[in-house]
Amino acid sequence: MSTTERPRILVVGGGYVGLYAARRILKKMRYGEATVTVVDPRSYMTYQPFLPEAAAGSISPRHVVVPLRRVLPKAEVLTGRVTTIDQQSKVATIAPLVGEAYDLPFDYLVIAMGAVSRTFPIPGLAENGIGMKGVEEAIGLRNHVLEQLDKADSTGDEDVRRRALTFVFVGGGFAGAETVGEVEDMARDAAKYYPNVRREDMRFILVDVAPRILPEVGPKLGEWGLEHLKSRGIECYLNTSLNSCVGGHVELSNGLEVDSSTIVWTAGVKPNPALARFGLPLGPKGHVDVDATMQVRGTDHVWAAGDNAQVPDLAAGEGEFCPPNAQHALRQARALGDNIISGLRGFPQGEYKHANKGAVAGLGLHKGVAMIVFGKARIKLKGRLAWYMHHTYHGLAVPTWNRKIRVFADWTLAMFLKREVVSLGAMEHPREEFYEAASPVTAGATEEAAAERKTRVKESRAAANRDREEARAS
């Protein structure tokens, strides 16, 4: 950790906004002008639009993440959490992964903590739900689904088999629709290698409280996406909520009840709740309240952007805020970085304004929807062409040329090689097999050591008694 007396720009969060804002600042900054410090519990940034494809095995999970220290070699990268911030004294408390918490002074602050899964007090959700906010969850979901196929193929119990082959997805936005489309595609391919499992034996269920799915691409493309998923045998229940999933027994508000070992929760996001501890002005939904320059209202040294901020959408009109998507996060991060440099040098800051360029979504291999905006024209695509548009946009948007090349290489290889259907569920508990092998030996050795200690104690006591007897006799 640097002890320099240069002004410190503290970036809280190493996600999309944190990474790109730090890169922008370092690029625009003069040598020795300031110290940039990035704090995040993880040492990497996750490109979340690729998580559904990582869960389906279309992209290697390592290519979905970007190591912060490699991309930000001129910045301090601290792996830990910012627990509190004293705005008056400009000091943040850092809790590292290991060791005691410590105070870190700063001069300028960037809040880029992103969002967390938005959940509700549904019985059984915490114990049985699987999120899709991180690469760890995507890997876990892939291994879990393939493990369910292993169970179904190997058991003669019809109840166990039915439960294993029932997959419930809650949430019909980008994350939910893309995840169910990719996972269904993977399961369909994997079923070819299981003699006792067919696609017809599986049951995929998509649930959403909204009246339509994929609202970001408009009603017509959303309706096409819904009909497409239904044509693949996916049951879609709209205007429906999850009431309970205790013990894997799923109860929906429309009266449907099923037993499932796979309950995937993708029903939206909310700002990181840690924001409430930072003494910042928050909006009604918990977002940091900022103006069009992304400077926090009432401050002259704090900026915020991305999913944890309510940034005015000047292109959409008065009272509107930018939606939480990668399209805005990338551009906000760059504009925020420019404004911090301007603020550091005493120059006026620019307002963020970006007109929506459209939206793209993948629904599995060679399937997708896309809405491209050119001025007042809206081009709507579906099927294979939309899938190519989705891949082109996100392939170019993922940070660093290293990751771009690796992602496009994954897609190219997938055109010639079959999808891998290997479950590596043991990765979640890598020491389990070794523990089982070592524990009997360890237990036996422990018993022998204890017996040896008892023998030595008895011998020592006997020797002491003999010494005392000899002393009395003499």
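Residues numbered from 1 in each chain as written. Predicted model: local features only at pLDDT ≥ 70, side-chain atom pairs only at ≥ 80, totals over all residues. Heavy atoms only, no water.

Visitor: Quick question: what am I supposed to make of the pattern of salt bridges here?
Guide: Side-chain pairing between opposite charges can occur once the charged atoms of the two side chains come close. A complete count under the given rule lists 15 salt bridges for this structure. Across the pair Arg42 and Glu136 runs a salt bridge whose closest N-O atoms are separated by 3.1 Å. Here the residue Arg42 occupies a position in the loop between β2 (35-40) and β3 (44-46), and Glu136 occupies one in helix α5 (residues 135-154), the gap between them amounting to 94 residues. Three or more residues joined by partner-sharing salt bridges are found here, namely Glu184, Arg188, Arg199 and Arg232. (Salt bridge = Lys/Arg side-chain N within 4 Å of Asp/Glu carboxyl O. Helix = DSSP H or I, 4+ residues; strand = E, 2+ residues; numbered from the N terminus.)

Visitor: Hey, could you run me through unusual backbone geometry in this one?
Guide: Most peptide bonds are trans, and most residues other than glycine sit at a negative phi. If you check the backbone angles, Met294 has positive phi at about 70° while not being a glycine. Relative to the elements of secondary structure, Met294 occurs in the loop between β19 (288-289) and β20 (302-304). We note that His366 has phi near 65°; this positive angle belongs to a residue other than glycine. Tracing the chain through its elements places His366 in the loop between β22 (358-362) and β23 (368-374). Assessed through its relative accessible area of 27%, His366 is described here as partly exposed. (Buried < 20%, exposed > 50% of the residue type's maximum accessible area, 1.4 Å probe, protein only.)

Visitor: I would appreciate a short explanation of the sheet that holds strand β12 (residues 203-207) in the present structure.
Guide: The strands that make up a sheet pair up through hydrogen bonds in the backbone, lying either parallel or antiparallel. On the basis of which strands lie adjacent, the open sheet formed by 5 strands has the order β10-β17-β11-β12-β13 and parallel pairing. Lying at the two open borders of the sheet, with one neighbouring strand each, are β10 (129-130) and β13 (234-237). Summarising the sheet, strand β11 (residues 166-170) and strand β17 (residues 262-265) pair through 4 bridges and their orientation is parallel. When the sheet's bridge partners are listed, Val170 is paired in β17 with Trp265. Packed onto the sheet, α5 meets β10, β11 and β17 and runs at close to 155° relative to β17. Together, β12 and β13 form the strand contacts of helix α8 (residues 219-231), whose direction differs from that of β13 by roughly 140°. (Pairing = 2+ DSSP bridges. Contact = heavy atoms within 4.5 Å. Axes fitted to C-alpha atoms, helices over the stretch in contact; angles between N-to-C directions.)

Visitor: What's the story with the sheet that holds strand β5 (residues 76-86) in this structure? I'm lost.
Guide: Ordered in space as β7-β6-β5-β2-β1-β8-β20, the 7 strands form an open sheet in which the pairing is mixed. Each of the sheet's edge strands pairs with one partner strand only, and the pair in question is β7 (102-105) and β20. Neighbour-to-neighbour, the strand axes of the sheet open up by a mean angle of 40°, direction not taken into account. In the sheet, strand β6 (residues 91-96) pairs with β7 via 4 bridges, with the strands oriented antiparallel. Residue pairing across strands places Val91 opposite Pro105, the latter belonging to β7. Running at roughly 170° to β2, helix α1 (residues 16-28) makes contact with β1 (8-12) and β2 of the sheet.

Visitor: What should I look at first to understand a nonpolar patch on the surface in this one?
Guide: A contiguous nonpolar patch, built from Leu413, Met415, Phe416 and Leu417 and spanning about 510 Å² of accessible area, is present on the exposed surface. Considering the arrangement of structural elements, one finds Leu417 in the loop between α11 (401-414) and α12 (432-473). Given the relative accessible area of 55%, Leu417 is considered exposed. (Patch = residues over 30% accessible without salt bridge, like charges linked within 9 Å, V, L, I, M, F, W, Y side chains within 5 Å. Areas by Shrake-Rupley, 256 points an atom, 1.4 Å probe, with all protein chains shown as cover.)

Visitor: Is there a simple way to explain the nonpolar core in this structure?
Guide: One broad rule of soluble globular proteins: the nonpolar side chains tend to lie buried together. One finds Tyr16, Val36, Ile111, Leu149, Met202 and Phe204 to be the most contacted residues of the largest nonpolar core, which totals 114 residues. Ranked by residue count, the leading element in this core is helix α9 (residues 326-345), at 9 residues. Excluding residues within four positions of it along the chain, Met202 makes contact with Leu149, Leu165, Phe167, Ala187, Ala191 and Val197. Among the nonpolar cores identified, the runner-up in size contains 14 residues, and Val170, Val207, Cys245 and Val258 belong to it. (Core = buried A, V, L, I, M, F, W, Y, C linked by side-chain atoms within 4.5 Å.)

Visitor: I'm lost on the environment of Leu385 in this one. Help?
Guide: If you trace the backbone, Leu385 turns up in helix α10 (residues 384-397). Taking the relative accessible area as the measure of exposure, Leu385 reaches 53% and is therefore exposed. Between the alpha carbons of Leu385 and His366 there is a distance of 8.0 Å; along the sequence they are 19 residues apart.

Visitor: Help me understand the packing of α10 against α11, please; the structure alone is not making it clear to me.
Guide: Relative placement of two packed helices is described by the angle separating their axes and the distance separating the axes. One can describe the packing of α10 onto α11 by two numbers: an axis separation of 8 Å at closest approach and a directional angle of 150°. In terms of their interaxial angle, α10 and α11 are classed as roughly antiparallel. For the element pair α10 and α11, the recorded crossing hand is right-handed. Across from His391, Gly395, Leu396 and Ala397 in α10, the residues of α11 making contact are Lys404, Phe408 and Trp411. (Parallel < 35°, antiparallel > 145°, perpendicular 65-115°, else oblique. Left-handed = near helix turned anticlockwise from the far one by under 90°.)

Visitor: I keep staring at the packing of aromatic side chains and nothing clicks. Help me out?
Guide: By convention here, two paired aromatic rings are described through the distance between centres and the angle between planes. Summed over the entire model, instances satisfying the criterion amount to 10 aromatic pairs. Each ring, one from Phe120 and one from Trp265, has its centre 6.2 Å from the other, and the planes form 70°; the classification is edge-to-face. Separated by 145 residues along the polypeptide, Phe120 in the loop between β9 (115-117) and α4 (125-128) and Trp265 in strand β17 bring together distant segments of the chain. A relative accessible area of 44% places Phe120 in the partly exposed class. Ring centres of Phe169 and Phe204 lie 6.3 Å apart, and the angle between their planes is 20°; on these two criteria the pair is classed as stacked. Residue Phe169 is located in strand β11, and its partner Phe204 is located in strand β12; the two are separated by 35 residues in the primary sequence. Accessibility assignment for this pair places Phe169 and Phe204 in one class, buried. For Lys404, the ring lying beneath its charged end belongs to Trp401, and the centroid distance is 5.7 Å. (Phe/Tyr/Trp six-rings, centres within 6.5 Å; stacked < 30°, edge-to-face > 60°. Lys NZ or Arg CZ within 6 Å of the ring centre and 35° of its normal.)

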